[in-house]
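One-letter residues, chain by chain:
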Amino acid sequence: MVRVGIGYDVHALVEGRRLVLGGVEIPHTHGLEGHSDADVLMHAICDAVLGAVGAGDIGQFFPNTDPRWKGAPSRVFLEEAARQVRLRGGRILNVDATVLAQRPKLAPHVELMRERIAAALGLTSAQVGVKATTNEGLGFVGRQEGIAAMAVA
Amino acid sequence: MVRVGIGYDVHALVEGRRLVLGGVEIPHTHGLEGHSDADVLMHAICDAVLGAVGAGDIGQFFPNTDPRWKGAPSRVFLEEAARQVRLRGGRILNVDATVLAQRPKLAPHVELMRERIAAALGLTSAQVGVKATTNEGLGFVGRQEGIAAMAVA
Amino acid sequence: MVRVGIGYDVHALVEGRRLVLGGVEIPHTHGLEGHSDADVLMHAICDAVLGAVGAGDIGQFFPNTDPRWKGAPSRVFLEEAARQVRLRGGRILNVDATVLAQRPKLAPHVELMRERIAAALGLTSAQVGVKATTNEGLGFVGRQEGIAAMAVA
Ligand SMILES: [Mg+2]
Ligand SMILES: [Mg+2]
Ligand SMILES: [Mg+2]
């Protein structure tokens, strides 16, 4: 039986943090604030995958109060999500996501993001979609206060 | 043939209203404004289900100008959405949703929400995903002006 | 193998532009700013379709710096997305979308939007869902600074 899941996440842009999206560190004046590496793209995909199998959400598996996940690479969250699917006898057919970021330009990094996400989930790059859009200067994304991502699996 | 649908809804947080999410009344200082019980989570799921079968949206079935739906429990909207699927010879495989709320903490209520949503749609809890995230203090959700939800079916 | 994709887009509302949504010109005091006709609904659907097959996004196929797409009807973007699916041996089962617009009322135009989207993708209207919601006065959509759309395919 085919199932579908949706994920959404947002993190604030601050000075003095790295910007990590889809497992790729991207040079930028600001980075994303968070307990882990704050990889908003991997987090949204993680929730979409967990949601598709009704397995809860990233906050239940990896509480942001747990010191184990402080600064953790979000790859480990995706690996756990994929494991939860297998535990339930499932298989991920594909994942697709859109990153909402006013800046910087993400297009040059998309292929590597797809590879890293695919590796963490045990998929091929062809099974992973990553798209990027600005928010046309509108709202908190447009004001560069944060970066959001939404995903389906 | 498998089909997919997406739903999104938002309601404003105001004083003097109950907060009902996924059919569960949650103690909070503010509640959601709306013609019905303003259950933003059930509304997003309702639209995802109707959208998957191309059956229109919640506003067409339940106009917020119709006194019949004043204060109505949103369960009846989900029941109608499920009926629309059956009328078209369809079957809901699963639904999954994310609630965007800065406060209060929703995790303790998620299991009951899943049961209530499942009951309204004629599904098992295992076929219903409910996830929650804050908006990290950003935008109208972060300022606690409203609560939003997005869903797929 | 069934695949799923998600798309999101936003354009700013400005004076002196036409408002085109789902291929339908809608009478309104403001229109959407953009390089093409700025049809935010068709753009979101385009990205969902491209994302489902991991084919990149609308910005890669139709850069908004390319004079060929200046003022272009977004129908051509959907036609290309459908072609990308066919090139990969795929078939679109259905698409579904929600438009977030505080004003104007979109319900009277939804059926024609479905027909135009279906025509561009080589589908029947029954395979296309278009839903509309306000943002309850909240955020940039509520302030009528822009219109957003999200879609799945
Ligand atoms: Mg996160
Ligand atoms: Mg509603
Ligand atoms: Mg666009």
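Refer to the preceding data block for the structure.
My aim in this report is to walk through the structure given alongside it, one point at a time. None of the values given here were measured: they were computed from a predicted structure.

What counts, and at which threshold
- Within any chain, residue numbers begin from 1 and follow the written order of that chain's sequence.
- Naming scheme: in the order in which they are written, chains are lettered from A and ligands are numbered from 1.
- Given that this is a predicted model, residues contribute local features only at a pLDDT of at least 70 and side-chain atom pairs are listed and counted only at 80 or more, while totals for whole chains, interfaces and linings are drawn from all residues.
- As a rule here, side-chain values come from all non-hydrogen atoms in the structure, and water together with hydrogens is ignored.
- Axis angles are defined between N-to-C directions and span 0 to 180 degrees, where every axis is a line fitted to C-alpha atoms and, for a helix, only to the segment in contact.
- Helix numbering and strand numbering both begin at the N terminus, where a helix is a DSSP run of H or I of at least 4 residues and a strand a DSSP run of E of at least 2.
- Comment on the angle field: the value is read as roughly parallel under 35 degrees, roughly antiparallel over 145, roughly perpendicular from 65 to 115, and oblique elsewhere.
- In this description, contact between two residues means that some pair of their heavy atoms is separated by no more than 4.5 Å.
- Under the grouping applied here, Gly and all other residues not named as nonpolar or charged are polar, the nonpolar ones being Ala, Val, Leu, Ile, Met, Phe, Trp, Tyr, Cys and Pro and the charged ones Asp, Glu, Lys and Arg.
- Superposing copies: least-squares fit, C-alpha atoms only, residues required to have pLDDT of at least 70 in both.
- Burial classification: accessible surface area is computed with a 1.4 Å probe over protein chains only, and a residue below 20% of its type maximum counts as buried, one above 50% as exposed, and the rest as partly exposed.
- The rule for pairing is simple: two strands pair if DSSP sees at least two bridges between them.
- In short, buried area is how much 1.4 Å probe accessible area vanishes from two parts on joining, totalled over both.
- Here, a salt bridge means any side-chain nitrogen of Lys or Arg that lies within 4 Å of a carboxyl oxygen of Asp or Glu.
- Here a polar contact is recorded for every N or O atom pair within 3.5 Å, except that within protein the pair must consist of a potential hydrogen donor and a potential acceptor, and residues adjacent in sequence are included only if both atoms are side-chain atoms.
- Distances decide who is a donor: an N, O or S atom must be within 2.8 Å of the metal, or within 3.2 Å for Na, K and Ca. Water is not included, so sites may look incomplete.
- Two rings belonging to Phe, Tyr or Trp (six-membered ring only in the last case) form a pair when the distance between their centres is within 6.5 Å. Interplanar angles under 30 degrees mark stacking, angles over 60 mark edge-to-face geometry, and anything in between is tilted.
- Computed over the protein atoms alone on a 1 Å grid, cavities are sets of points where a 1.4 Å probe fits but cannot get out and pockets are open sets with protein on both sides within 12 Å along at least five of seven lines; a residue lines them when it has an atom within 4 Å of a point.
- Grid points are joined across faces, edges and corners, and a volume is the space filled by probe spheres set on the points.
- Each residue after the first adds 1.5 Å to the expected span of a helix.

**Looking at the packing of helix α1 (residues 40–52) of chain A against helix α3 (residues 75–87) of chain A**
All names here are of chain A.
Working step 1: Contact geometry for α1 and α3: axes closest at 9 Å, N-to-C directions at 10 degrees. Considered as vectors, α1 and α3 are oriented roughly parallel to each other. Touching Met-42, His-43, Ile-45, Cys-46, Val-49 and Leu-50 of α1 are Arg-75, Phe-77, Leu-78, Ala-81, Ala-82, Gln-84 and Val-85, all from α3.
Working step 2: For the contact of α1 with α3, the residue count by class is 10 nonpolar, 2 polar and 1 charged.

**A few points about the relation of the copies chain C and chain B**
Working step 1: For these two chains of identical sequence, chain C goes onto chain B by a turn of 120 degrees and a shift of 0.0 Å along the axis, with RMSD 0.0 Å. Taken together, these values place the two copies in the relation of a three-fold axis. Every residue of chain C has its C-alpha some distance from the rotation axis, and the shortest such distance is that of Gly139(C), at 3.8 Å.

**Topic: the pairing of strand β6 (residues 128–133) of chain A**
Residues and elements named next belong to chain A.
Working step 1: Of all 6 residues that make up β6, 5 are buried, and the element is covered over most of its length.
Working step 2: When strand β5 (residues 95–100) meets β6, the two strands line up parallel, connected through 6 bridges. Note on β6: the bridge partner recorded for Leu-100 is Thr-133.

**Re the interface of chain B and chain A**
Working step 1: Across the contact, 28 residues belong to chain B and 26 residues belong to chain A.
Working step 2: Interface area, chain B with chain A, both sides summed: about 2000 Å², of which 62% is carbon and sulfur.
Working step 3: Between the two partners, chain B and chain A, sit 0 salt bridges.
Working step 4: Joining chain B to chain A, the criterion identifies 7 residue pairs in polar contact (both at pLDDT 80 or more).
Working step 5: Only β5 (95–100), β6 (128–133) and β7 (146–152) of chain B provide two or more residues apiece to the side of chain B that touches chain A.
Working step 6: Broken down by element, the residue count for the side of chain B that touches chain A peaks at 5 residues, all from β6(B).
Working step 7: Broken down by class, the residue content of the side of chain B that touches chain A amounts to 14 nonpolar, 8 polar and 6 charged.

**Some details on the coordination of the magnesium ion (ligand 1)**
All names here are of chain A.
Working step 1: The magnesium ion (ligand 1) binds to the protein through Asp-9 (OD), His-11 (NE2) and His-43 (ND1); the donor distances cover 2.1 to 2.3 Å.
Working step 2: Spacing between the donor residues of the magnesium ion (ligand 1) along the chain follows D-x1-H-x31-H. Taken together, the residues Asp-9 in strand β1 (residues 6–14) and His-43 in helix α1 connect sequence positions 34 residues apart.
Working step 3: Relative accessible area serves as the criterion here: at 8%, Asp-9 is assigned to the buried category.

**Regarding the packing of aromatic side chains**
Residues and elements named next belong to chain A.
Working step 1: Taken as a whole and assessed by the stated rule, the structure comprises 12 aromatic pairs over all chains.
Working step 2: Ring geometry for Phe-61 and Phe-62: centres 6.3 Å apart, planes at 40 degrees, overall tilted.
Working step 3: According to the relative accessible area criterion, Phe-61 is partly exposed, its value standing at 24%.
Working step 4: Grouping aromatic residues by their ring pairs yields a cluster made of Phe-61, Phe-62, Trp-69 and Phe-77.

**Some words on empty space enclosed by the protein**
Working step 1: Scanning the entire structure with this criterion turns up 1 cavity of 30 Å³ or more.
Working step 2: Each pocket or cavity is described by its volume, and for the largest cavity that value is around 380 Å³.
Working step 3: Where the lining of the largest cavity is concerned, the elements lending two or more residues are α5 (139–142) and β7 (146–152) of chain A, α5 (139–142) and β7 of chain B together with α5 (139–142) and β7 (146–152) of chain C.

**Section: the pattern of salt bridges**
Should the charged atoms of two oppositely charged side chains come close, the side chains can pair.
Working step 1: Tallied over the full model, the rule gives 21 salt bridges over all chains.
Working step 2: For Glu25(B), the salt bridge is made with Arg18(B), and the minimal N-O distance between the two is 2.9 Å.

**Topic: helix α1 (residues 40–52) of chain C**
Residues and elements named next belong to chain C.
Working step 1: A rise of 1.5 Å per residue sets the reference length of α1, with its 13 residues, at 18 Å; its end C-alpha atoms lie 18 Å apart and thus fit the reference within 8%.
Working step 2: For α1, the tally of buried residues reaches 13 of 13 residues, placing the bulk of the element in the interior.
Working step 3: Among the residues trailing α1, Gly-54 stands out with phi positive, at a value near 60 degrees.

**Some details on the layout of surface pockets**
Working step 1: By volume, the largest pocket is sized at about 1200 Å³.
Working step 2: Lining the largest pocket are 48 residues; nearest its centre among them are Val2(A), Arg3(A), Val2(B), Val2(C) and Arg3(C).
Working step 3: Sorting the residues of the lining of the largest pocket by element identifies α1 of chain A, α1 (40–52) of chain B together with α1 of chain C as the ones contributing at least two each.
Working step 4: Among the residues making up the lining of the largest pocket, the classes are represented as 31 nonpolar, 8 polar and 9 charged.

**Some points on the interface of chain C and chain B**
Working step 1: Between chain C and chain B, the residue contacts involve 27 residues of the former and 25 residues of the latter.
Working step 2: Summed over both sides, the interface of chain C with chain B buries roughly 1900 Å², with 62% coming from carbon and sulfur.
Working step 3: Connecting chain C to chain B are 0 salt bridges.
Working step 4: Counting the contacts that link chain C with chain B gives 7 residue pairs in polar contact (both at pLDDT 80 or more).
Working step 5: Elements supplying a minimum of two residues to the side of chain C that touches chain B: β5 (95–100), β6 (128–133) and β7 of chain C.
Working step 6: The dominant element in the side of chain C that touches chain B, judged by the number of residues it contributes, is β6(C), at 5 residues.
Working step 7: Here the side of chain C that touches chain B is built from residues that sort into 14 nonpolar, 8 polar and 5 charged.

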